[in-house]
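Report on the structure
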Amino acid sequence: MRRMAEPVVKVRDLMKYFPLRRGIKEIITMKPRRFVRAVDGVSFDMYIGEVFCLVGESGCGKTTTGRLITRLLEPTGGHIYYKPTGEVASQIPEKCFAEDGYVDLARKLPKHVDKLLRREIQIVFQDPFGSLDPRMKVYDILKEPLIVHRIGGSEEERREIIYRALSEVKLVPPEQFMSRYPHMLSGGQRQRVAFARAMILKPTVVVADEPVSMLDVSIRAEILQLMLDLQANRDLAYLFITHDLAVASYLCTRIAVMYLGRIVETGPTDEVINNPQHPYTKALIAAVPEPDPKNRFKIREVPIKGEVPSAAAIPPGCRFHPRCPYAMDRCSKEEPPTLEVKPGHYVSCWLHAKK
Amino acid sequence: MNVPLLEVRNLKTYYYTLRGVVKAVDNVSFTLERGETLGIAGESGCGKSTLAWALLGLVPPPGRIAGGSIVLDGQDLTKLSEHDLRSKVRWKKVSMIFQGAMNALTPVFTIEDQLAEPLMIHKGMHKDEARERIAEMLKAVGLDETIMKRYPHELSGGQKQRVIIAMALLLNPDLVIADEPTTALDVIVQAQIMNLFKEIKRRYNIGMIFITHDLSLIAEIADKVAIMYAGKIVEIGSSDQVFGNPRHPYTQGLLRSIPRIRSKEKITWIPGVPPDLVRPPPGCRFFPRCKYVKEQCRREEPELKEVEPGHFVACHLYG
């Protein structure tokens, strides 16, 4: 594992708008089309060797961001700069590079380059019961990416690769698991297969979208440990997406808190958890239940009111202002700038802007 | 000595499937006092939801109560006919907040119509009388009266969950059972709903059974905790005892597997998977996953033994 000074992924102003269907009244009165602004100007960097976490409530755009980076969705705007290395970099023609060694994945790329780069960024989904084809054996599930990307010439070679992938995710002995169908595996084992499938192409970036939230509490730690073990032996950056701050704080190097399509606070895990600056982050942390029976005698102070508004009607100015206990006049008018409060710790809030 | 509000004794609830008999709840006993909250924790498939259904006589077929008794206020619910359960027990004495209940509100009726129904049926109230009671209850759960005229799709998840809680409390039940009442909610809303439960607990002197897989939530509300594994209660005691001094290896493992927000302590997991309840292992059901397993565990089933006053553990480690 090596940590580079330069980020492997630089996301800049990433946007994804989903159009809403217009009602008959809106069409007749020629109202403009409305959009759900799921991701609305997100920027962050990811480094090899770290676990970068996007945390937020449902509907904040964290999953959409993950899917944009994996390119399962086309962005509406913005850039996803990716720095390929070694063999892959040498196969990419000069004209595809956007700036010093980075390729912009949000741009249209020639087909063979596109395919090459898709190998580099893989994803593990939340639901291990839905993300594996129930009619395919584990062997075939793992063989498919090899076929698609033409890896391994002969069947023996591929079998060898699959064996190795299975033993790496500790599904041993591999012979025993290869011929099983997903329904014959437990949730934890299925999630291991999902990780094997993502790792078999030797990616540099793996997006893990709530990989443990569907699993029983007693085996969650097993999958989290597997993630760290897999990273220890290779050059890999994780984008970990979760709603659970306790898991994020346990696993991640840096945390970005999302609210309604924007990142409101980013920083090293300890900084964000112990020294949160944004009112929303503070509320999120205050709301996390803890396994301490003394809590039953006290009401938990959650300083913010109401619930997340719809991403189709984002409030003007700072999008958090209708729920913010410190909202000022300015907050409802202007979007707050992103400021560095400590090295590496950024927050978007008018409270921290210099007067 | 005072009589407990609820006394469950050797309750067995089995599902008679083609594959065999699934012993989802097997010999479960506990008591609950008025004003007390019992938290039941366990992994998926441990029988905790089945236990809740059994308490209401609502076990879905092919399941049924195969033995034991459920005595509520001196009356054995297992002996009552379906008609009596329906007219005398459910909602009036015991109400339940089901998992995902907020999605069970009918989309075509207003909140008022839906809340008026139990009042009209059980209390014979007229709609206007019902309205007053509904307004009062909505206020108690932190909602505005105007919500009465709304339809479920106009409410947010948190608001719908509050409506469901209001519905459960409408007829002043003695016992409220909440099965994963916050699972579908976001953390902040979850914290708000947990605060509401704490308030309800303080204001109304009712018994509450709180079922969840999340031990942190149990710690937030329960006075007494029961840990279930494979259809059995393996440990039960006051919440200070179970959280502060867990004795069963399963409870210890569960507590060590929860990441805590301000602690860097390494979390661990319990290897293996829960057993198939059609053919549970002989002896202790936890032995295949237990690191302290002895010869005796493979043969003899451990019984609940009192290790300190009020703290019971089913494990051969404590002889």
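Residues numbered from 1 in each chain as written. Chains lettered and ligands numbered in written order. Predicted model: local features only at pLDDT ≥ 70, side-chain atom pairs only at ≥ 80, totals over all residues.

Turning next to the overall build of chain B. Across its full length, chain B holds ten helices and twelve strands. In summary, chain B has a C-alpha radius of gyration of 20 Å against a globular reference of 20 Å for 319 residues, a match within 12%. Principal axes of the C-alpha set define a box for chain B whose edges measure 65 × 50 × 45 Å. The buried share of chain B, reckoned over its 319 residues, is 48%. Pairs at least 24 residues apart make up 63% of the contacts formed inside chain B by residues separated by at least 6 positions. (Helix = DSSP H or I, 4+ residues; strand = E, 2+ residues; numbered from the N terminus. Rg over C-alpha atoms; globule rule 2.2 N^0.38 Å. Buried ≥ 20, exposed ≤ 12 C-beta atoms within 10 Å, placed from the backbone. Contact = placed C-beta atoms within 7 Å.)

Looking now at the domain arrangement of chain B. Residues and elements named next belong to chain B. Segmenting chain B into domains produces domain 1 (6-93 + 174-189 + 198-313) and domain 2 (102-172). Distance from the C-alpha centre of domain 1 to the C-alpha centre of domain 2: 30 Å. With eight residues of domain 1 at the interface, the matching set in domain 2 holds nine residues. Residues belonging to the side of domain 1 that touches domain 2 are distributed by class as follows: seven nonpolar, no polar and one charged. (Domains from an automatic or database assignment. Nonpolar A, V, L, I, M, F, W, Y, C, P; charged D, E, K, R; others polar.)

Residue and element names in this part refer to chain B. Here Ile97 lies in strand β6 (residues 94-97). The exposure class assigned to Ile97 is buried, which follows from the 24 C-beta atoms found within 10 Å. The spacing of Ile97 and Ser156 is 59 residues in sequence and 17 Å in space, taken between C-alpha atoms. The residues contacting Ile97, other than those within four sequence positions of it, are Ile164, Ile165, Ala168, Val176, Ala178, Asp179 and Pro181.

Residue and element names in this part refer to chain A. Viewed as axis vectors pointing N to C, helix α5 (residues 138-148) and helix α8 (residues 187-199) meet at an angle of 25 degrees, and their least axial separation amounts to 8 Å. Classed by the angle they form, the pair α5 and α8 counts as roughly parallel. Crossing geometry of α5 relative to α8 is assigned as right-handed. On the side of α5, the interface is formed by Val138, Ile141, Leu142 and Pro145, while α8 contributes Val193, Ala196 and Arg197. (Axes fitted to C-alpha atoms, helices over the stretch in contact; angles between N-to-C directions. Parallel < 35°, antiparallel > 145°, perpendicular 65-115°, else oblique. Left-handed = near helix turned anticlockwise from the far one by under 90°.)

Burial of helix α2 (residues 62-69) of chain A is extensive: eight of the eight residues sit out of reach of the surface. Along α2(A), the residues that are buried comprise Lys62(A), Thr63(A), Thr64(A), Thr65(A), Gly66(A), Arg67(A), Leu68(A) and Ile69(A).

So, on to the packing of α8(A) against helix α9 (residues 217-232) of chain A. To describe two helices that pack against each other, one gives the angle between their axes and the distance between the axes. All names here are of chain A. For the pair α8 and α9, interaxial distance at closest approach is 10 Å and the crossing angle is 15 degrees. As summarised for this structure, α8 and α9 are arranged roughly parallel, according to the angle between their axes. Note that α8 runs across α9; the crossing there is right-handed. Every residue of α9 that contacts α8 at Gly188, Gln191, Arg192, Phe195 and Met199 is listed here: Ile219, Glu222, Ile223, Leu226 and Leu230. Its residues assigned to classes, the contact of α8 with α9 comprises six nonpolar, two polar and two charged.

Residue and element names in this part refer to chain B. Here four strands make up an open sheet; going across it, the order is β2-β1-β4-β5 and the pairing antiparallel. One side of each edge strand has no neighbouring strand; the edge strands of this open sheet are β2 (20-32) and β5 (75-76). Here strand β1 (residues 6-17) pairs with β2 via ten bridges, running antiparallel. Paired with Leu6 across the strands is Leu32, a residue of β2. Of the strands in this sheet, β1, β2 and β4 (63-72) touch helix α1 (residues 48-56), which is tilted by about 70 degrees from β2. (Pairing = 2+ DSSP bridges.)

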